[in-house]
Amino acid sequence: MAYDHGAHLATWDLRGEPVVWCSQEAVLDGSRSIRGGVPVCFPWFADGPAGDLSPAHGLLRTATWTRAAPTDGEVWAWTIGDEDVAGQPGAEHLTGPFRVRYAVSLLDGADGPALDLDLRVHNPGADPLTVEMALHTYLAVGDATTTTVHGLSGADALDKTTGRRRRQEGPVHLDGETDLVVDSPGAPRVEVHDGRRVLALSTRGATQTVVWNPGDEKAADLSDLGAQEWREFVCVETAATADLAPTIAPGTTHTLGCRIVVHPVS
Ligand SMILES: O=P(O)(O)OC[C@H]1O[C@@H](O)[C@H](O)[C@@H](O)[C@@H]1O
């Protein structure tokens, strides 16, 4: 299921099981962002590099995108540009013109079925364009508290729950509120292990991986999340933000992409 509102893939199921998770309480009428699926964050992430921008995660998350013709393997494709959001709340923070094409593909690869997300940002302007971006995937897990995220050990990270930078040692454990922006240039393979399967993410054009789960206490503040639903997902986000946001030269395109493959645990 996908919506033009935010170019938002809301769910992806495989063999009857959700892989991309969506809240039972998600608001799907376009009046706010969707809690779950894959929010597209652009042209800023969260409250922006200096923490003073709104709407959160950039105004494309709640904008109405235009459907584009899907090409090979693509199930949905959309486009949007700066002129489409002119006058909307947050448009005053845009730093230059852009044209974006976003596509969701279902692929049948050697590793089995895969979901591929592809965000292409073109700078049609005369000046370099620096933008933050993220594919904020909500991944379904058996129980977040016993789920681990692998592939990020040894990387520097900003722990947003403390405001401090630290080195990530070993897998990320989701025991309590987790909000970690891990610097992960070089396209690492990141894996989510929940004991019953492994979700493997390979990325392109990303410089960071964000791992987020609100935990019990913070979840209670989210009106579009059911009681205990925070246990059912972990967000592992393909990102390029803050000092590691790309600067796109005039006339060029930056692609941020993510491919998700599901491996059963035997
Ligand atoms: O509630 P929102 O706007 O969907 O954001 C959810 C979370 O998204 C994550 O990407 C951020 O790192 C968190 O800080 C934020 O709380």
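The structure under discussion appears in the preceding block.
Bear in mind the structure is a predicted one, so any value in this text is a computation, not a measurement.

Caption draft 1: Here's a closer look at the overall build of the protein. Each helix and strand in the protein was counted, giving one helix and 23 strands. Against the 2.2 N^0.38 benchmark of 18 Å for 266 residues, the protein shows a C-alpha radius of gyration of 17 Å, consistent with a compact globule. Along the first, second and third principal axes, the C-alpha atoms of the protein reach 50 × 40 × 35 Å. For the protein, with 266 residues in total, the buried portion stands at 53%.

Caption draft 2: Spatial organisation of the state of the cysteines. Evaluated as defined, the whole model comprises zero disulfides. Lacking any disulfide linkage, cysteine 41 is separated from the closest cysteine sulfur, that of cysteine 235, by 9.4 Å.

Caption draft 3: Summary view of the packing of aromatic side chains. Using the criterion set out here, one finds eight aromatic pairs in the structure. A centroid spacing of 6.2 Å and a plane angle of 20 degrees characterise the contact between tryptophan 21 and tyrosine 138, whose relative ring orientation is stacked. With tryptophan 21 in the loop between β4 (17-20) and β5 (40-41) and tyrosine 138 in strand β12 (residues 138-140), this residue pair connects regions lying 117 residues apart in the sequence. Chaining the aromatic ring pairs together yields one cluster made of Trp21, Tyr138, Trp212 and Phe233.

The rules behind each value
Residues numbered from 1 in each chain as written. Predicted model: local features only at pLDDT ≥ 70, side-chain atom pairs only at ≥ 80, totals over all residues. Heavy atoms only, no water. Helix = DSSP H or I, 4+ residues; strand = E, 2+ residues; numbered from the N terminus. Rg over C-alpha atoms; globule rule 2.2 N^0.38 Å. Buried < 20%, exposed > 50% of the residue type's maximum accessible area, 1.4 Å probe, protein only. Disulfide = S-S within 2.5 Å. Phe/Tyr/Trp six-rings, centres within 6.5 Å; stacked < 30°, edge-to-face > 60°.

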